Amino acid sequence: MSYRFTDLKSSKSGSFNNNKLLRIQDSTMLTAGLSAGILQLQSFAGFGMFFAVYILVNLIFIAWFCKFKPSLYFTNPVHKIWVKNLFRELAGFVMTWTLAFTLVR
Amino acid sequence: MSILSKSFYFIAWIQIIHSGVSSYEFHQIVKHIILENPDAKTPGLPDDVKLEALCGLLFFILGTFISQSKLKYLSIRGEERIIETDEYLKPIELNKASSTDVVINNDPYGEINYLPSFVDIHAKRKLFKEYLHRSL
Amino acid sequence: MLPQSVLSFWETIRTGNEGPELLLDPNLKLWALIPISIVMILVGVAKQCIMVLVSPKSKTVPRVKLTEILYIAKARALMGNSSNLSTESFKMRQEYLAQVLADGKYLAIKPAKDEKTAMENPFTSPGMTDAMTSMALGNLVNYIPQTVIMWWVNYFFAGFVLMKLPFPLTIRFKQMLQSSVRTDDLDVRWVSSMSWYIISMGGLTPVYNVLFGGNRLSKLNVSAQQQQLSQSPGGPNPKDQMKALANDITVFQHISVLDNIEDRVLKLYS
């Protein structure tokens, strides 16, 4: 039995929260790519740095902004915070990583 | 965007650019070493440059988080003041998210609900008549 | 013995099996990387401005068509949210809607139209040309700059090795990324400028968001209402939809949230 009144989510809040999260993730991962290139990290070390910074930024987001309760602010918190933007951030990271790597070498 | 977050961004950018330039110079020197002696063992990037790059990244992350402001609302009745909430994000449950709409009596579907064919004109006339009687 | 192999394994992980180094002209980076990036960013900006200018204006739907679409939507909403109603309210709505849908009272009648035509001709019906032109224009605005820039990069920046990728790739990518370099033995990590274009394609979306996010000009304003009101051109006939919904509503098993509510509330507070 689904109690539909309790499942109603405000879509305006949802998109506001998602945009905030996306903005934070985008800017931090692009800068992380710059740092990875400056440090001349190669293959696995570079991807390791990507995952480390991604996990760190998401944990800070959950701890500080969501106050450890992301389900209050996102409809499907695990998917929305960790999975949805992963490939997009990976592409941005690889781009700035390659750019910085080539410019510095 | 407070002064604190702007200063964090500034420090972060200065550090990243400085470490980038240092790294570039270092690699130029390494290239010269390799040109002269292809088998020489090249030194690794100096530790302070590494630290500076990572520190710049950390300041940038902190600056991003600090630059987000808490939600603020303006009061409707009484004296004009700014109500500061403690939240950075809007709540997702509809009953909590529409609390501001409820307080200011705003109907988000007002475009449709206030059309003349949807307004109950008899009830409104009755309300108005009662208001007139009360205030007389 | 063991630490030695672990160390060398760590070295291979760290460096990714780099081969011998090539020494490249530093001017290459200055004159190839940065111009390609600048051009791509500027074209992206122009593309977003153009999208705003040619975005579809709000479509008008004739009122009879609206009534038809909304009755179908009301039947679906009733079935989806029925648990919030009491049994009597649901029964009232169920009977009324089942009767109205079965009769086809609110069908939008098309004057002198043959019953046998399977699908409307997309070019002649007025409502759909708007949707199609906006879709076609959207696709065009997206794909023409991509093709033009790809041709431009291949024409001007071909024939040299630009940079070394920080990560290794398999041999399959060699053909795509080293398109203009004719050597066979060169490691896949040394790539030509086409690869920089490809990497940028993926990586520029976050850049656009950071530069223009929050700017209302750059968001395409397609409200959810408009999307709902436009029917898909290949969808089933509204008459069949109404008949199917009338059937579904009649056989619907209604469970209300108000059944046994007294017991549940008492259990909560006992």
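Residues numbered from 1 in each chain as written. Chains lettered and ligands numbered in written order. Predicted model: local features only at pLDDT ≥ 70, side-chain atom pairs only at ≥ 80, totals over all residues. Heavy atoms only, no water.

J.: Let's hear about the interface of chain B and chain A: which residues, and what values?
T.: Much of the literature gives interface size as the accessible area that the parts lose upon coming together. Across the contact, 31 residues belong to chain B and 36 residues belong to chain A. Buried area between chain B and chain A, summed over both chains or domains, comes out near 3300 Å², and the portion from carbon and sulfur atoms is 73%. Three residues stand out in chain B for area buried against chain A, namely Phe65(B), Leu89(B) and Ile92(B), and they jointly supply 26% of the buried area on that side. Here chain B and chain A share zero salt bridges between them. For the interface between chain B and chain A, the tally reads nine residue pairs in polar contact (both at pLDDT 80 or more). Put simply, the parts of the chain that give the side of chain B that touches chain A at least two residues each are α1 (3-36), α2 (47-67) and α3 (94-97) of chain B. Here the side of chain B that touches chain A gets nine residues from one element, more than from any other, and that element is α2(B). Looking at the side of chain B that touches chain A, its residues break down into 18 nonpolar, seven polar and six charged. (Contact = heavy atoms within 4.5 Å. Buried area = accessible area lost by both parts, 1.4 Å probe. Salt bridge = Lys/Arg side-chain N within 4 Å of Asp/Glu carboxyl O. Polar contact = N/O pair within 3.5 Å; in protein donor to acceptor, adjacent residues only side chain to side chain. Helix = DSSP H or I, 4+ residues; strand = E, 2+ residues; numbered from the N terminus. Nonpolar A, V, L, I, M, F, W, Y, C, P; charged D, E, K, R; others polar.)

J.: Quick one: what's the story with the pattern of salt bridges, residue by residue and with numbers?
T.: If you walk through the whole model with that rule in mind, you get three salt bridges over all chains. We note a salt bridge from Asp86(B) to Lys70(B), for which the minimum N-O separation is 2.9 Å. A residue pair is termed long-range when its members are at least 10 positions apart, and Asp86(B) in the loop between β2 (82-84) and α3 and Lys70(B) in the loop between α2 and β1 (72-74) qualify at 16 residues. For Lys70(B), a relative accessible area of 34% gives the class partly exposed. Lys65(C) is paired through a salt bridge with Glu68(C); the nearest N and O atoms lie 3.2 Å apart. Taken together, the positions of Lys65(C) and Glu68(C), both in helix α3 (residues 63-80) and three residues apart, correspond to about one turn of that helix. (Buried < 20%, exposed > 50% of the residue type's maximum accessible area, 1.4 Å probe, protein only.)

J.: Which residues make up the UniProt feature "transmembrane region" (unreviewed entry) in chain C, and what are the values?
T.: Within this structure's numbering, the places UniProt gives as "transmembrane region" (unreviewed entry) are residues 30-54, 148-167 and 194-212 of chain C. End C-alpha atoms of residues 194-212 of chain C are separated by 26 Å, and the span's content is 100% helix alongside 0% strand. (UniProt positions renumbered as here; feature names shortened; annotations may be inferred.)

J.: Explain the side chain of Thr28(A) to me, and be specific about the residues and the numbers.
T.: Looking at the secondary structure, you find Thr28(A) in helix α1 (residues 11-38). Assessed through its relative accessible area of 0%, Thr28(A) is described here as buried. Apart from residues no more than four positions distant in its own chain, Thr28(A) is found in contact with Val57(A), Leu57(B), Phe60(B), Ile61(B) and Thr64(B).

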